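Here is how the chains run, residue by residue.
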Amino acid sequence: MTIDKSLKVRRGATSNRSVLTRAERLERLKETDRWQDGMSPLGLPKVRVRKLTMKKKKKKSKEDEEGAAAAPAAKGAAPKGGAKK
């Protein structure tokens, strides 16, 4: 029997886990000085798991790029008839 495509684990794909192992929790507690050697590993304090999210950059549409490129050229161009007073 084969595994459905949606259930397969892709190479290198690691998702954010909401639960840490005991060893990972101890490392985090040591970093924040909330753990000293000799303490019981049972009943560890809670450790928040921070999920990193990257903001997506907005893609400029072709119309916006063309309009932005034409706007500076239009500002710098002098009228052909000369300045009228």
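Please refer to the structure placed before this passage.
Residues numbered from 1 in each chain as written. Predicted model: local features only at pLDDT ≥ 70, side-chain atom pairs only at ≥ 80, totals over all residues. Heavy atoms only, no water.

(A) The overall build of the chain, seen in detail. The helix and strand inventory of the chain stands at 2 helices and 0 strands. Expressed as a percentage of the 85 residues in the chain, the buried residues total 6%. By element, 53% of the accessible surface of the chain is carried by carbon and sulfur atoms, the whole surface being about 9300 Å². (Helix = DSSP H or I, 4+ residues; strand = E, 2+ residues; numbered from the N terminus. Buried < 20%, exposed > 50% of the residue type's maximum accessible area, 1.4 Å probe, protein only. Areas by Shrake-Rupley, 256 points an atom, 1.4 Å probe, with all protein chains shown as cover.)

(B) How the structure looks around unusual backbone geometry. Positive phi outside glycine occurs at Asp 33, with the angle close to 60°. Relative to the helices and strands, Asp 33 resides in the loop between helix H1 (22-31) and helix H2 (62-76). A residue is classified by how much of its surface remains accessible, and Asp 33, at 62% relative accessible area, is exposed.

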